[in-house]
Amino acid sequence: MKKKILLIIVILPIIVTGVGGYFGYRFVWEKAHEHFKKAEYTQVEKIIRFFPKPRNSDRLRIYAQTAMALNHFDKASGAYKSLYSKTKDPSYKLILGNIANQQKDYDDAIKIYNEVISLNPNYIQAYVNLATVYMIKGNNDKATEIAEKGIKSNENSTILYELLASLMMDKKDSPRFSEAVANLKKLDPQNYLVTQINEKK
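In this text the structure is predicted, and so the values were computed from the model without any measurement.

Structural notes on the overall build of the protein
Counting its secondary structure elements, the protein contains 11 helices and 0 strands. Listed N to C, the secondary structure of the protein is α-α-α-α-α-α-α-α-α-α-α in terms of helices and strands. Out of the 201 residues belonging to the protein, those deemed buried represent 35%. Pairs at least 24 residues apart make up 43% of the contacts formed inside the protein by residues separated by at least 6 positions.

This is the structure in structure tokens:
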């Protein structure tokens, strides 16, 4: 009987601590989520800063987006890699490309965006971001090639036609420019870029 009592005395504090820790951890993340919904990222960071990277996908998304918003790119990169590994959501892979771009690691950004496009040829934003990196590097011909590649997979994308027309503004006499503007006008007759081009004629 004494052994049983002694065992209970030893185990009970461990159980209480474990349960208390679980509910305390849960409460902290609920509080962080409230601030996260209001985009109060500094407050979120203050609440979760001493916690390791979470495994739960919802909490991991809060952790990742908060780190990204506060320019903690190494933290954000690790979290988004975990999210992509868990979900295979291409938007997380795209963000990894954005992080590389922010850090001026353009070769890595190009590699990541190409991977996104390879797996998701209809992901328009990946073409836009990839073309943008080439523009930053001063390679407008390659950026134009990417825009045209995107259009082949997304024939009704006004965004990609806008991008292509913008990239070819210095080649207004070329058939490719005229075709891009004509297709953009067909898709969106009131498009701002089309109006601007028409006004300058």
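Here's the deal with the pattern of salt bridges
Evaluation of the coordinates by the stated rule reveals 7 salt bridges. Salt-bridge contacts for Lys-137 lead to Asp-107; the nearest nitrogen and oxygen are separated by 3.7 Å. Taken together, the residues span a long stretch of sequence, with Lys-137 in the loop between helix H7 (124-136) and helix H8 (140-153) and Asp-107 in helix H6 (residues 106-119) at a distance of 30 residues. Owing to a relative accessible area of 56%, Asp-107 belongs among the exposed residues under this scheme. In this structure, the salt-bridge partner of Lys-142 is Glu-145, at a minimum N-O distance of 3.0 Å. Of this pair, Lys-142 and Glu-145 are both found in helix H8, 3 residues apart, which corresponds to roughly one turn of the helix.

Notes on the packing of helix H5 (residues 90-102) against H6
Interaxial distance between H5 and H6 falls to 7 Å at its minimum, and their mutual angle equals 165°. Comparing the axis directions of H5 and H6 gives the class roughly antiparallel. Between H5 and H6 lies a crossing of left-handed hand. Here Pro-90, Lys-93, Leu-94, Leu-96, Gly-97, Asn-98, Ala-100 and Asn-101 of H5 come into contact with H6, specifically with Tyr-106, Asp-108, Ala-109, Ile-112, Tyr-113, Glu-115 and Val-116. In terms of residue class, the contact of H5 with H6 is built from 9 nonpolar, 3 polar and 3 charged.

Observations regarding helix H4 (residues 73-87)
For H4, with 15 residues, the first-to-last C-alpha span of 20 Å sits near the 21 Å given by 1.5 Å per residue. Turning to H4, its buried residues are Phe-73, Ala-76, Ser-77, Ala-79, Tyr-80, Leu-83 and Tyr-84. A positive backbone phi angle near 60° is found at Lys-88, which sits one or two residues after H4.

Topic: helix H10 (residues 175-187)
The first and last C-alpha atoms of H10 sit 18 Å apart over 13 residues, in line with the 18 Å expected at 1.5 Å per residue. Of the positions making up H10, those classed as buried are Phe-177, Ala-180, Val-181, Asn-183 and Leu-184. Here the buried residues of H10 occupy an arc of 165° about the axis, which is enough to place them on one side. Exposed side of H10, more than 90 degrees from the buried face: Pro-175, Glu-179 and Lys-186 are the residues found there.

Some words on the packing of H6 against H7
When two helices pack together, their arrangement is given by the angle between their axes and by how far apart the axes lie. At a closest axis distance of 9 Å, the pairing of H6 and H7 adopts a crossing angle of 155°. As summarised for this structure, H6 and H7 are arranged roughly antiparallel, according to the angle between their axes. Between H6 and H7 lies a crossing whose hand is left-handed. In contact with Tyr-106, Ala-109, Ile-110, Tyr-113, Asn-114, Val-116 and Ile-117 of H6, H7 contributes Ala-126, Tyr-127, Asn-129, Leu-130, Val-133, Tyr-134 and Ile-136. Here the residues of the contact of H6 with H7 sort into 12 nonpolar, 2 polar and no charged.

What about the packing of aromatic side chains?
With the rule as written, the count across this model stands at 2 aromatic pairs. Each ring, one from Phe-36 and one from Tyr-41, has its centre 6.0 Å from the other, and the planes form 75°; the classification is edge-to-face. Side by side, Phe-36 and Tyr-41 carry an identical accessibility label, which is buried. Relative to Tyr-92, the ring of Tyr-80 has its centre 5.9 Å away and its plane inclined at 35°; by these criteria the two rings are tilted. Here the residue Tyr-80 occupies a position in helix H4, and Tyr-92 occupies one in helix H5, the gap between them amounting to 12 residues. The same class applies to Tyr-80 as to Tyr-92, namely buried.

Points about the side chain of Thr-66
Residue placement: Thr-66 occurs in helix H3 (residues 57-69). In contact with Thr-66, not counting residues within four places along its chain, are Phe-36, Tyr-41, Val-44 and Glu-45.

Cut-off values and rules
- Residues numbered from 1 in each chain as written.
- Predicted model: local features only at pLDDT ≥ 70, side-chain atom pairs only at ≥ 80, totals over all residues.
- Heavy atoms only, no water.
- Helix = DSSP H or I, 4+ residues; strand = E, 2+ residues; numbered from the N terminus.
- Buried < 20%, exposed > 50% of the residue type's maximum accessible area, 1.4 Å probe, protein only.
- Contact = heavy atoms within 4.5 Å.
- Salt bridge = Lys/Arg side-chain N within 4 Å of Asp/Glu carboxyl O.
- Axes fitted to C-alpha atoms, helices over the stretch in contact; angles between N-to-C directions.
- Parallel < 35°, antiparallel > 145°, perpendicular 65-115°, else oblique.
- Left-handed = near helix turned anticlockwise from the far one by under 90°.
- Nonpolar A, V, L, I, M, F, W, Y, C, P; charged D, E, K, R; others polar.
- Expected span 1.5 Å × (residues − 1).
- Arc of directions from axis to C-beta.
- Phe/Tyr/Trp six-rings, centres within 6.5 Å; stacked < 30°, edge-to-face > 60°.

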